[in-house]
Amino acid sequence: MIRVSVNGYGTIGKRVAEAIMLQPDMELVGVSKTSPNMEALVAQSKGIKIFSPDESSKKFEESGIKISGNIEDMIKYSDIIVDATPNGVGAQYKTLYEKYEKRAIFQGGEKPNVADVSFSALCNYDEALNKKYVRVVSCNTTALLRTICTLSKLGKIDKVRATIVRRAADPKEFKKGPINALVLDPATIPSHHAKDVNSVLKDLDIITSAIIAPTTLMHVHLLNVTFKQQIDKEDIVSIFLNTPRIVMVSSRSKISSTAEIIEVARDLGKMRNDIREVVVFEDSIYTKGSEVFLTYAVHQESIVVPENIDAIRAINGISADESIKITNTSQGISG
Ligand code: NAD
(Lines give C-alpha, C1' and ligand atoms only; values in the text may rest on other atoms or scores of the structure.)
Protein backbone atom coordinates (compact mmCIF):
# COMPACT_ATOMS: atom_id res chain seq x y z
CA MET A 1 0.00 0.00 0.00
CA ILE A 2 1.24 3.49 -0.87
CA ARG A 3 0.76 5.74 2.17
CA VAL A 4 -0.39 9.15 0.97
CA SER A 5 -1.30 12.32 2.83
CA VAL A 6 -2.92 15.48 1.52
CA ASN A 7 -1.51 18.81 2.63
CA GLY A 8 -4.17 21.51 2.06
CA TYR A 9 -7.72 20.25 2.32
CA GLY A 10 -9.58 22.68 0.07
CA THR A 11 -11.30 22.37 -3.31
CA ILE A 12 -8.66 20.08 -4.81
CA GLY A 13 -7.36 18.50 -1.60
CA LYS A 14 -10.70 17.15 -0.39
CA ARG A 15 -11.42 15.55 -3.77
CA VAL A 16 -7.97 14.00 -4.05
CA ALA A 17 -8.20 12.70 -0.46
CA GLU A 18 -11.52 10.98 -1.17
CA ALA A 19 -10.17 9.56 -4.45
CA ILE A 20 -7.16 8.12 -2.58
CA MET A 21 -9.56 6.37 -0.18
CA LEU A 22 -11.08 4.58 -3.20
CA GLN A 23 -7.78 3.22 -4.57
CA PRO A 24 -7.05 -0.46 -3.86
CA ASP A 25 -3.30 0.20 -3.63
CA MET A 26 -3.32 3.40 -1.53
CA GLU A 27 -3.95 4.33 2.06
CA LEU A 28 -4.89 7.87 3.12
CA VAL A 29 -2.66 8.75 6.09
CA GLY A 30 -4.63 11.93 6.72
CA VAL A 31 -5.09 15.53 5.70
CA SER A 32 -3.90 18.85 7.08
CA LYS A 33 -6.34 21.50 8.30
CA THR A 34 -5.25 24.90 9.53
CA SER A 35 -8.48 25.68 11.39
CA PRO A 36 -11.24 23.62 13.02
CA ASN A 37 -14.00 24.69 10.64
CA MET A 38 -16.94 22.83 9.14
CA GLU A 39 -14.71 21.17 6.52
CA ALA A 40 -12.59 19.70 9.33
CA LEU A 41 -15.73 18.45 11.09
CA VAL A 42 -16.98 16.80 7.89
CA ALA A 43 -13.55 15.22 7.27
CA GLN A 44 -13.61 13.80 10.80
CA SER A 45 -17.10 12.40 10.22
CA LYS A 46 -15.73 10.58 7.16
CA GLY A 47 -13.06 8.93 9.29
CA ILE A 48 -10.23 11.04 7.85
CA LYS A 49 -7.36 11.74 10.24
CA ILE A 50 -6.58 15.43 10.66
CA PHE A 51 -3.16 16.96 11.24
CA SER A 52 -2.71 20.66 12.01
CA PRO A 53 0.10 23.18 12.34
CA ASP A 54 1.35 23.44 15.96
CA GLU A 55 -0.09 26.96 16.31
CA SER A 56 -3.61 25.65 15.59
CA SER A 57 -3.61 22.70 17.99
CA LYS A 58 -5.19 24.67 20.85
CA LYS A 59 -8.06 25.82 18.62
CA PHE A 60 -8.69 22.23 17.55
CA GLU A 61 -8.61 21.07 21.20
CA GLU A 62 -11.20 23.71 22.15
CA SER A 63 -13.42 22.77 19.19
CA GLY A 64 -13.51 19.09 20.11
CA ILE A 65 -12.14 18.04 16.71
CA LYS A 66 -9.48 15.42 17.30
CA ILE A 67 -6.10 15.90 15.67
CA SER A 68 -3.65 13.06 15.10
CA GLY A 69 -0.50 15.17 15.20
CA ASN A 70 1.11 18.12 13.50
CA ILE A 71 1.86 18.50 9.78
CA GLU A 72 5.43 17.25 10.24
CA ASP A 73 4.04 14.06 11.83
CA MET A 74 1.74 13.61 8.83
CA ILE A 75 4.68 13.99 6.45
CA LYS A 76 6.75 11.50 8.48
CA TYR A 77 4.01 8.85 8.36
CA SER A 78 3.62 9.19 4.55
CA ASP A 79 5.42 7.80 1.51
CA ILE A 80 4.06 10.60 -0.68
CA ILE A 81 2.43 13.94 0.04
CA VAL A 82 -0.09 15.47 -2.34
CA ASP A 83 0.34 19.18 -1.78
CA ALA A 84 -2.91 21.03 -2.53
CA THR A 85 -2.18 24.20 -0.61
CA PRO A 86 -2.87 27.63 -2.22
CA ASN A 87 -0.68 28.96 -5.05
CA GLY A 88 2.93 29.37 -3.92
CA VAL A 89 2.47 27.74 -0.50
CA GLY A 90 3.43 24.32 -1.87
CA ALA A 91 6.87 25.61 -2.85
CA GLN A 92 7.39 26.75 0.76
CA TYR A 93 6.52 23.25 2.01
CA LYS A 94 9.01 21.63 -0.34
CA THR A 95 11.88 22.13 2.13
CA LEU A 96 9.91 20.10 4.68
CA TYR A 97 9.29 17.29 2.18
CA GLU A 98 13.01 17.34 1.37
CA LYS A 99 13.94 17.31 5.05
CA TYR A 100 12.08 14.01 5.53
CA GLU A 101 13.14 12.73 2.07
CA LYS A 102 9.52 12.35 0.99
CA ARG A 103 8.23 12.46 -2.55
CA ALA A 104 5.50 14.95 -3.38
CA ILE A 105 2.91 15.96 -5.95
CA PHE A 106 2.34 19.69 -6.45
CA GLN A 107 -0.55 21.48 -8.17
CA GLY A 108 -0.72 23.86 -11.12
CA GLY A 109 -0.66 26.98 -8.94
CA GLU A 110 3.02 26.29 -8.27
CA LYS A 111 5.72 27.30 -10.74
CA PRO A 112 6.93 24.42 -12.97
CA ASN A 113 10.41 24.50 -11.41
CA VAL A 114 8.97 23.28 -8.08
CA ALA A 115 9.04 19.76 -9.55
CA ASP A 116 11.14 17.49 -11.73
CA VAL A 117 8.35 17.29 -14.28
CA SER A 118 4.95 18.83 -15.10
CA PHE A 119 2.42 16.08 -15.66
CA SER A 120 -0.55 15.17 -17.82
CA ALA A 121 -1.46 11.47 -17.71
CA LEU A 122 -2.43 11.15 -21.39
CA CYS A 123 0.61 13.14 -22.61
CA ASN A 124 3.75 12.38 -20.62
CA TYR A 125 2.99 9.78 -17.92
CA ASP A 126 6.29 7.98 -18.51
CA GLU A 127 8.36 11.12 -17.84
CA ALA A 128 7.08 11.06 -14.25
CA LEU A 129 8.04 7.43 -13.60
CA ASN A 130 10.12 7.17 -10.40
CA LYS A 131 10.54 10.96 -10.14
CA LYS A 132 10.66 12.57 -6.71
CA TYR A 133 8.58 15.69 -7.38
CA VAL A 134 5.77 15.93 -9.93
CA ARG A 135 3.55 18.93 -10.68
CA VAL A 136 0.04 18.25 -11.95
CA VAL A 137 -0.71 21.13 -14.31
CA SER A 138 -3.73 23.42 -13.76
CA CYS A 139 -7.33 22.56 -14.64
CA ASN A 140 -7.23 24.55 -17.89
CA THR A 141 -3.88 23.11 -18.90
CA THR A 142 -5.00 19.58 -18.02
CA ALA A 143 -7.99 19.95 -20.36
CA LEU A 144 -5.91 21.48 -23.15
CA LEU A 145 -3.25 18.77 -22.91
CA ARG A 146 -5.73 15.90 -22.67
CA THR A 147 -7.52 17.11 -25.78
CA ILE A 148 -4.41 18.01 -27.78
CA CYS A 149 -2.61 14.72 -26.99
CA THR A 150 -5.71 12.75 -27.96
CA LEU A 151 -6.04 14.66 -31.25
CA SER A 152 -2.32 14.19 -31.94
CA LYS A 153 -2.98 10.46 -32.41
CA LEU A 154 -4.76 11.41 -35.66
CA GLY A 155 -1.75 13.09 -37.24
CA LYS A 156 1.02 15.63 -36.78
CA ILE A 157 -0.16 18.90 -35.28
CA ASP A 158 1.16 22.09 -36.85
CA LYS A 159 -0.21 24.62 -34.37
CA VAL A 160 -2.84 25.18 -31.68
CA ARG A 161 -4.77 28.39 -30.95
CA ALA A 162 -7.20 28.51 -28.03
CA THR A 163 -9.50 30.97 -26.32
CA ILE A 164 -10.22 30.19 -22.69
CA VAL A 165 -13.37 31.44 -21.01
CA ARG A 166 -12.53 31.07 -17.34
CA ARG A 167 -14.99 30.72 -14.50
CA ALA A 168 -14.67 33.70 -12.14
CA ALA A 169 -14.65 31.69 -8.91
CA ASP A 170 -15.30 28.24 -7.50
CA PRO A 171 -18.82 27.79 -6.08
CA LYS A 172 -17.60 28.08 -2.46
CA GLU A 173 -15.85 31.41 -3.06
CA PHE A 174 -17.98 34.46 -2.22
CA LYS A 175 -15.42 37.26 -2.30
CA LYS A 176 -14.23 36.88 -5.89
CA GLY A 177 -15.60 38.40 -9.08
CA PRO A 178 -16.42 39.84 -11.51
CA ILE A 179 -20.21 39.65 -11.23
CA ASN A 180 -21.09 42.01 -14.08
CA ALA A 181 -18.22 42.02 -16.54
CA LEU A 182 -16.16 39.95 -18.91
CA VAL A 183 -12.55 40.62 -17.99
CA LEU A 184 -9.49 40.10 -20.14
CA ASP A 185 -7.22 38.16 -17.80
CA PRO A 186 -4.49 38.49 -18.71
CA ALA A 187 -4.99 41.49 -21.01
CA THR A 188 -1.99 40.39 -23.03
CA ILE A 189 -1.69 37.50 -25.47
CA PRO A 190 -0.49 34.78 -25.09
CA SER A 191 -2.01 34.00 -21.72
CA HIS A 192 0.10 31.91 -19.32
CA HIS A 193 -1.83 28.76 -20.32
CA ALA A 194 0.23 28.38 -23.51
CA LYS A 195 3.44 28.47 -21.51
CA ASP A 196 2.00 25.89 -19.12
CA VAL A 197 1.09 23.58 -22.02
CA ASN A 198 4.69 23.99 -23.20
CA SER A 199 5.90 22.81 -19.78
CA VAL A 200 4.70 19.37 -20.96
CA LEU A 201 4.70 19.60 -24.78
CA LYS A 202 7.90 21.59 -25.16
CA ASP A 203 7.89 22.02 -28.95
CA LEU A 204 4.18 22.67 -29.56
CA ASP A 205 3.33 25.93 -31.34
CA ILE A 206 0.45 27.17 -29.15
CA ILE A 207 -1.04 30.59 -28.46
CA THR A 208 -3.82 31.08 -25.92
CA SER A 209 -5.91 34.04 -24.83
CA ALA A 210 -8.20 34.14 -21.81
CA ILE A 211 -11.22 35.99 -20.52
CA ILE A 212 -12.93 35.68 -17.13
CA ALA A 213 -16.71 35.30 -17.12
CA PRO A 214 -19.12 35.69 -14.19
CA THR A 215 -19.87 32.00 -13.66
CA THR A 216 -18.73 29.40 -11.14
CA LEU A 217 -19.67 26.14 -12.85
CA MET A 218 -17.06 25.37 -15.50
CA HIS A 219 -14.51 26.82 -17.88
CA VAL A 220 -15.11 26.68 -21.65
CA HIS A 221 -12.34 26.45 -24.26
CA LEU A 222 -12.70 27.32 -27.95
CA LEU A 223 -9.96 25.29 -29.60
CA ASN A 224 -8.48 25.60 -33.08
CA VAL A 225 -5.96 22.93 -34.06
CA THR A 226 -4.16 22.92 -37.42
CA PHE A 227 -2.76 19.60 -38.57
CA LYS A 228 -0.06 19.02 -41.18
CA GLN A 229 -2.62 17.10 -43.26
CA GLN A 230 -6.37 17.02 -43.94
CA ILE A 231 -8.49 15.82 -41.04
CA ASP A 232 -12.05 14.44 -40.93
CA LYS A 233 -14.72 15.11 -38.36
CA GLU A 234 -15.66 11.39 -38.17
CA ASP A 235 -12.12 10.52 -37.05
CA ILE A 236 -12.24 13.15 -34.32
CA VAL A 237 -15.62 11.92 -33.07
CA SER A 238 -14.35 8.35 -33.13
CA ILE A 239 -11.17 9.06 -31.17
CA PHE A 240 -13.07 11.05 -28.53
CA LEU A 241 -15.61 8.22 -28.20
CA ASN A 242 -12.72 5.82 -27.58
CA THR A 243 -10.87 7.98 -25.06
CA PRO A 244 -11.85 7.67 -21.43
CA ARG A 245 -11.51 11.08 -19.74
CA ILE A 246 -13.19 12.73 -22.72
CA VAL A 247 -16.97 12.61 -23.16
CA MET A 248 -19.22 14.24 -25.73
CA VAL A 249 -22.61 15.90 -25.46
CA SER A 250 -24.71 17.01 -28.37
CA SER A 251 -27.79 19.04 -29.24
CA ARG A 252 -29.64 15.69 -29.62
CA SER A 253 -29.58 15.54 -25.83
CA LYS A 254 -30.44 19.25 -25.75
CA ILE A 255 -27.18 20.17 -24.05
CA SER A 256 -25.41 23.30 -25.20
CA SER A 257 -24.39 24.97 -21.95
CA THR A 258 -22.35 24.37 -18.81
CA ALA A 259 -25.51 24.72 -16.70
CA GLU A 260 -27.08 21.72 -18.43
CA ILE A 261 -23.90 19.66 -18.07
CA ILE A 262 -23.79 20.30 -14.34
CA GLU A 263 -27.51 19.48 -14.06
CA VAL A 264 -26.82 16.07 -15.66
CA ALA A 265 -24.05 15.49 -13.11
CA ARG A 266 -26.52 16.35 -10.35
CA ASP A 267 -29.20 14.10 -11.82
CA LEU A 268 -26.68 11.26 -12.01
CA GLY A 269 -25.94 11.76 -8.32
CA LYS A 270 -22.28 12.55 -9.00
CA MET A 271 -20.60 13.58 -5.75
CA ARG A 272 -20.43 17.42 -5.64
CA ASN A 273 -21.49 17.52 -9.38
CA ASP A 274 -17.93 16.50 -10.21
CA ILE A 275 -17.15 15.71 -13.85
CA ARG A 276 -13.59 14.54 -14.27
CA GLU A 277 -13.83 14.22 -18.05
CA VAL A 278 -13.34 16.96 -20.64
CA VAL A 279 -16.87 17.55 -21.99
CA VAL A 280 -16.77 18.18 -25.76
CA PHE A 281 -19.78 19.76 -27.47
CA GLU A 282 -20.04 17.34 -30.41
CA ASP A 283 -21.90 19.78 -32.68
CA SER A 284 -19.08 22.28 -32.31
CA ILE A 285 -16.57 19.98 -34.01
CA TYR A 286 -15.90 21.45 -37.43
CA THR A 287 -13.13 20.71 -39.91
CA LYS A 288 -11.91 22.61 -42.95
CA GLY A 289 -8.98 20.98 -44.69
CA SER A 290 -6.29 20.62 -42.06
CA GLU A 291 -8.05 22.85 -39.53
CA VAL A 292 -10.17 21.64 -36.62
CA PHE A 293 -12.44 23.76 -34.46
CA LEU A 294 -14.16 22.53 -31.34
CA THR A 295 -15.53 23.71 -28.01
CA TYR A 296 -15.46 21.89 -24.70
CA ALA A 297 -16.25 22.48 -21.03
CA VAL A 298 -13.96 21.83 -18.07
CA HIS A 299 -15.09 21.15 -14.51
CA GLN A 300 -12.28 23.03 -12.82
CA GLU A 301 -12.83 21.57 -9.34
CA SER A 302 -12.41 17.92 -10.33
CA ILE A 303 -10.62 17.48 -13.67
CA VAL A 304 -7.18 17.23 -12.03
CA VAL A 305 -8.23 14.51 -9.54
CA PRO A 306 -7.48 11.50 -11.80
CA GLU A 307 -4.18 13.12 -12.80
CA ASN A 308 -3.15 13.40 -9.14
CA ILE A 309 -3.93 9.72 -8.57
CA ASP A 310 -1.95 8.71 -11.67
CA ALA A 311 0.94 10.95 -10.61
CA ILE A 312 1.12 9.07 -7.30
CA ARG A 313 1.43 5.77 -9.18
CA ALA A 314 3.90 7.18 -11.71
CA ILE A 315 6.18 8.26 -8.86
CA ASN A 316 5.95 4.67 -7.62
CA GLY A 317 7.04 3.26 -10.98
CA ILE A 318 3.64 1.80 -11.90
CA SER A 319 2.92 1.79 -15.65
CA ALA A 320 0.57 4.24 -17.35
CA ASP A 321 -1.78 1.53 -18.65
CA GLU A 322 -2.15 -0.07 -15.25
CA SER A 323 -2.62 3.18 -13.36
CA ILE A 324 -5.03 4.85 -15.76
CA LYS A 325 -7.22 1.73 -15.79
CA ILE A 326 -7.44 1.54 -11.98
CA THR A 327 -7.97 5.29 -11.67
CA ASN A 328 -10.74 5.34 -14.28
CA THR A 329 -12.57 2.40 -12.71
CA SER A 330 -12.35 3.79 -9.19
CA GLN A 331 -13.43 7.25 -10.35
CA GLY A 332 -16.37 6.10 -12.47
CA ILE A 333 -14.73 7.60 -15.56
CA SER A 334 -16.49 6.48 -18.71
CA GLY A 335 -14.65 3.95 -20.87
P1 NAD B 1 -8.28 26.12 -1.76
O2 NAD B 1 -8.07 27.49 -1.23
O3 NAD B 1 -9.66 25.66 -2.02
O4 NAD B 1 -7.60 25.06 -0.78
C5 NAD B 1 -6.35 25.25 -0.21
C6 NAD B 1 -6.39 24.69 1.20
O7 NAD B 1 -5.09 24.81 1.79
C8 NAD B 1 -7.37 25.43 2.12
O9 NAD B 1 -8.13 24.47 2.83
C10 NAD B 1 -6.44 26.21 3.07
O11 NAD B 1 -7.01 26.37 4.34
C12 NAD B 1 -5.24 25.30 3.12
N13 NAD B 1 -4.01 25.99 3.52
C14 NAD B 1 -3.70 27.31 3.38
N15 NAD B 1 -2.46 27.53 3.88
C16 NAD B 1 -2.00 26.34 4.35
C17 NAD B 1 -0.81 25.93 4.98
N18 NAD B 1 0.18 26.80 5.23
N19 NAD B 1 -0.67 24.64 5.35
C20 NAD B 1 -1.65 23.72 5.10
N21 NAD B 1 -2.81 24.06 4.51
C22 NAD B 1 -2.98 25.34 4.12
O23 NAD B 1 -7.38 26.02 -3.07
P24 NAD B 1 -7.59 25.05 -4.30
O25 NAD B 1 -8.53 25.68 -5.25
O26 NAD B 1 -7.87 23.67 -3.81
O27 NAD B 1 -6.15 25.13 -4.98
C28 NAD B 1 -5.06 24.35 -4.52
C29 NAD B 1 -4.07 24.20 -5.66
O30 NAD B 1 -4.73 23.54 -6.74
C31 NAD B 1 -3.53 25.50 -6.24
O32 NAD B 1 -2.22 25.30 -6.70
C33 NAD B 1 -4.46 25.76 -7.42
O34 NAD B 1 -3.87 26.57 -8.41
C35 NAD B 1 -4.65 24.34 -7.92
N36 NAD B 1 -5.88 24.11 -8.70
C37 NAD B 1 -7.06 24.67 -8.36
C38 NAD B 1 -8.18 24.44 -9.14
C39 NAD B 1 -9.51 25.07 -8.84
O40 NAD B 1 -10.29 25.26 -9.75
N41 NAD B 1 -9.83 25.38 -7.61
C42 NAD B 1 -8.10 23.60 -10.24
C43 NAD B 1 -6.88 22.99 -10.54
C44 NAD B 1 -5.76 23.26 -9.76
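None of the values given here were measured: they were computed from a predicted structure.

### Some details on the domain arrangement of the protein chain
Reports often express the size of an interface as the amount of accessible area lost when the parts come together. The domain architecture assigned to the protein chain consists of domain 1 (2-137 + 304-331) and domain 2 (140-298). Inter-centroid distance (C-alpha atoms) of domain 1 to domain 2 is 26 Å. Domain 1 puts 26 residues into the contact, and the matching count from domain 2 is 19 residues. Of the roughly 1,800 Å² buried between domain 1 and domain 2 on both sides combined, carbon and sulfur atoms contribute 49%. The shortest N-O distance in the salt bridge between Arg-245 and Glu-307 comes to 3.3 Å. Counting every contact that joins domain 1 to domain 2 gives ten residue pairs in polar contact (both at pLDDT 80 or more). Elements supplying a minimum of two residues to the side of domain 1 that touches domain 2: α1 (11-21), β6 (117-119), α6 (121-124), α11 (305-315) and α12 (320-331). Tallied by class, residues from the side of domain 1 that touches domain 2 come to ten nonpolar, eight polar and eight charged.

### Digging into the nonpolar core
In this structure, Ile-20, Phe-240 and Ile-312 are the most contacted members of the largest nonpolar core, which totals 72 residues. Viewed by domain, this core spans two of them, domain 1 (2-137 + 304-331) and domain 2 (140-298), each represented by three or more residues. Contact partners of Ile-20, with chain neighbours within four places excluded, come to Val-4, Val-6, Met-26, Glu-27, Leu-28, Val-82, Ile-309 and Ile-312. One finds Ala-104, Phe-106, Val-114 and Ala-115 within the second-largest nonpolar core, a separate group that totals 14 residues.

### Structural notes on the site of the ligand
In the neighbourhood of the ligand, 21 residues make up the surrounding shell, with Ile-12, Asn-87, Tyr-93, Asp-170 and Lys-172 lying closest. Ile-12 places a main-chain nitrogen or oxygen 2.9 Å from an oxygen atom of the ligand. Within the backbone of Gly-109, one N or O atom sits 3.1 Å away from an oxygen atom of the ligand. A total of 830 Å² of accessible area belongs to the ligand in isolation, and the protein chains cover 80% of it. When residues of the shell around the ligand are traced back to their parent elements, those giving at least two are α1 and α5 (89-99). Partitioned by chemical class, the residues of the shell around the ligand number seven nonpolar, eleven polar and three charged. Inspection of the shell around the ligand shows a minimum of three residues originating in each of domain 1 (2-137 + 304-331) and domain 2 (140-298).

Scoring rules and cut-offs
- Residues numbered from 1 in each chain as written.
- Predicted model: local features only at pLDDT ≥ 70, side-chain atom pairs only at ≥ 80, totals over all residues.
- Heavy atoms only, no water.
- Domains from an automatic or database assignment.
- Contact = heavy atoms within 4.5 Å.
- Buried area = accessible area lost by both parts, 1.4 Å probe.
- Salt bridge = Lys/Arg side-chain N within 4 Å of Asp/Glu carboxyl O.
- Polar contact = N/O pair within 3.5 Å; in protein donor to acceptor, adjacent residues only side chain to side chain.
- Helix = DSSP H or I, 4+ residues; strand = E, 2+ residues; numbered from the N terminus.
- Nonpolar A, V, L, I, M, F, W, Y, C, P; charged D, E, K, R; others polar.
- Core = buried A, V, L, I, M, F, W, Y, C linked by side-chain atoms within 4.5 Å.
- Buried < 20%, exposed > 50% of the residue type's maximum accessible area, 1.4 Å probe, protein only.
- Near = heavy atom within 4 Å.
- Areas by Shrake-Rupley, 256 points an atom, 1.4 Å probe, with all protein chains shown as cover.

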